[in-house]
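Spelled out from the first residue to the last, the chains are:
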Amino acid sequence: GWTEHKANFVVSIPAAIEAMAELLEEPFERYPYLMKVLAEMLSLDMFKPRESSGGGLTVTVYSFSLKKGVPYDPSGNGGGYVFDCRSIHNPGRYEPYKKLTGRDEPVVRFLEEDGAVFGFMEHVYGIVDPHVETYSGRGFTDLMVSFGCTGGQHRSVYCAERLAAHLTEKYPHITVHLIHREQQWK
């Protein structure tokens with residue numbers, strides 16, 4: 001249901017997470033491994049309750065693998081923007097970068113020396129910035145922006161990092177949450 005984005009399943013996730021958290025308050029001594037797995041699941045950023053931004057706009061920025069489906073939007077708004085980073089040269093095709101992520105300096109250097117990522121991100125800023133300004137001005141509370149690539153490791157991580165930094169610097173009055181979904185599972 002999660003990967004196929006089945007509406008009835010996705011809508012029930014917040015309530016299921018809440019119920020799981022309540023169950024964990026009284027441990028099942030008979031099932032220690034199950035308790036451990038459930039606690040680890042609840043500790044993932046994607047399932048943590050978000051701190052309130054005091055009524056202002058919260059922008060959640062994800063990186064993810066397109067093979068594993070678009071991230072779930074816990075705000076109830078049903079989405080935002082999803083950008084496909086696969087048109088950018090993939091450092092993951094080359095052995096020295098395979099175990100690194102878009103946060104690592106060699107990958108950053110690879111992407112920036114190639115240069116295609118700069119034009120891509122300028123287009124992203126040109127779309128997202130006006131949206132942030134409009135949402136902030138109209139009192140909206142949530143916007144989600146997601147970057148997908150093949151494995152959710154290099155290009156999408158780099159782009160999500162750059163957008164989060166850009167928004168934090170340009171709009172200090174908003175709250176930015178950055179989640180690298182596939183990196184959490186490792």
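Read on for an overview of the structure. (Residues numbered from 1 in each chain as written. Predicted model: local features only at pLDDT ≥ 70, side-chain atom pairs only at ≥ 80, totals over all residues. Heavy atoms only, no water.)

1. Considerations on the overall build of the protein chain
Worth spelling out the cut-off: Helix and strand assignments come from DSSP, with helices taken as H or I runs of at least 4 residues and strands as E runs of at least 2, each series counted from the N terminus. In this scheme, a residue with accessible area under 20% of its type's maximum is buried, one over 50% is exposed, and one in between is partly exposed, where area comes from a 1.4 Å probe on protein chains only. Residue contacts follow a heavy-atom distance rule, with two residues in contact if any of their heavy atoms lie within 4.5 Å. Computed with a 1.4 Å probe, the accessible areas rest on the Shrake-Rupley method; for each residue, only the protein chains presented here act as cover.
Counting secondary structure elements, the protein chain contains six helices and four strands. Put simply, the protein chain runs from its N terminus to its C terminus through helices and strands in the order α-α-β-β-α-α-β-α-β-α. Split into buried and exposed, the 186 residues of the protein chain put 41% on the buried side. Counted over contacts in the protein chain with a minimum sequence separation of 6, partners at least 24 positions apart contribute 75%. With the model as given, the accessible surface of the protein chain reaches about 10,600 Å², and the carbon-plus-sulfur share is 54%.

2. Points about the pairing of strand 3 (residues 142-149)
In plain terms, the rule: Should DSSP find at least two bridges between two strands, the strands are regarded as paired.
Counting buried positions along strand 3 yields eight of eight residues, so the element is predominantly enclosed. Side chains Asp142, Met144, Ser146 and Gly148 of strand 3 all project onto a buried face; the interleaved residues Leu143, Val145, Phe147 and Cys149 project onto the opposite face, where all are buried too. Here strand 2 (residues 80-84) runs beside strand 3; their pairing, made up of five bridges, is parallel. The residue bridging Asp84 from the neighbouring strand is Gly148, located in strand 3.

3. Describing the sheet that holds strand 2
For clarity, the cut-off: For helices, the axis comes from a line fit to the C-alpha atoms of the stretch in contact; other axes are also lines fit to C-alpha atoms, and the angle between any two N-to-C directions lies between 0 and 180 degrees.
If you trace the four strands from one edge of the open sheet to the other, you get 2-3-1-4, paired in parallel fashion. Taken across any chain shown, the strands that pair with only one partner, and hence form the sheet edges, are strand 2 and strand 4 (175-180). Pairwise comparison of adjacent strand axes, ignoring direction, gives a mean angle of 15° for this sheet.

4. Concerning the side chain of Glu161
Filter applied, for reference: For this analysis, a polar contact is any N or O atom pair within 3.5 Å, provided that within protein one partner can donate a hydrogen and the other can accept it, and provided that sequence-adjacent residues contribute only side-chain to side-chain pairs.
In this fold, Glu161 is placed in helix 5 (residues 155-170). Overall, the relative accessible area of 19% leaves Glu161 in the buried class. At 2.7 Å, the side chain of Glu161 forms a polar contact with the side chain of His180. Once you skip the residues sitting within four places of it in the chain, Glu161 turns out to touch Arg103, Leu178 and His180.

5. A short note on the pattern of salt bridges
What counts is decided by this rule: When a carboxyl oxygen of Asp or Glu is within 4 Å of a side-chain nitrogen of Lys or Arg, the pair counts as a salt bridge.
In total, this model carries nine salt bridges according to the counting rule given. Across the salt bridge formed by Lys36 and Glu40, the nearest N and O atoms sit 3.6 Å from each other. In this pair, Lys36 and Glu40 are both assigned in helix 2 (residues 32-43), four residues apart and thus about one turn of the helix distant. The salt bridge partner of Glu95 is Lys98, with a shortest N-O separation of 3.9 Å. With relative accessibility at 40%, the residue Lys98 sits in the partly exposed group. Because the salt bridges share partners, they merge into one network encompassing Lys68, Arg181 and Glu182.

6. Remarks on the environment of Ser43
Turning to its location among the elements, Ser43 is positioned in helix 2. In the structure, Ser43 is positioned 141 residues away from Gln184 in sequence and 9.8 Å away in space, judged by C-alpha atoms. In terms of polar contacts, Ser43 uses its side chain to reach the backbone carbonyl oxygen of Glu40, at 2.7 Å.

7. Concerning the packing of helix 4 (residues 116-138) against helix 5
Convention followed: The cut-offs work like this: below 35 degrees is roughly parallel, past 145 is roughly antiparallel, 65 to 115 is roughly perpendicular, and the gaps in between are oblique. Two helices cross in a left-handed way if the nearer one is turned anticlockwise from the farther one by less than a right angle. They cross in a right-handed way if the turn is clockwise.
One way to put it is that helix 4 packs onto helix 5 with a least axis distance of 11 Å and a crossing angle of 45°. It follows that helix 4 is oblique to helix 5 by the angle criterion. The interaxial crossing formed by helix 4 with helix 5 has right-handed handedness. Seen from helix 4, the contacting residues are Val117, Phe118, Phe120, Met121, Val124, Tyr125, Val128, Asp129, Val132 and Glu133; seen from helix 5, they are Tyr158, Cys159, Arg162, Leu163, His166, Leu167 and Lys170.

8. Considering a nonpolar patch on the surface
Note the following rule: Candidate patch residues must exceed 30% relative accessible area and have no salt bridge, after which like charges are joined if within 9 Å and Val, Leu, Ile, Met, Phe, Trp or Tyr side chains if within 5 Å.
Judged by side-chain polarity, Leu23, Phe28, Tyr31 and Leu34 come together as a nonpolar surface patch covering roughly 360 Å² of accessible area. Looking at where Tyr31 falls in the secondary structure, it is placed in the loop between helix 1 (7-24) and helix 2. On the basis of relative accessibility, which here comes to 43%, the residue Tyr31 falls in the partly exposed class.

Purely spatial values, then, with no claim about function.
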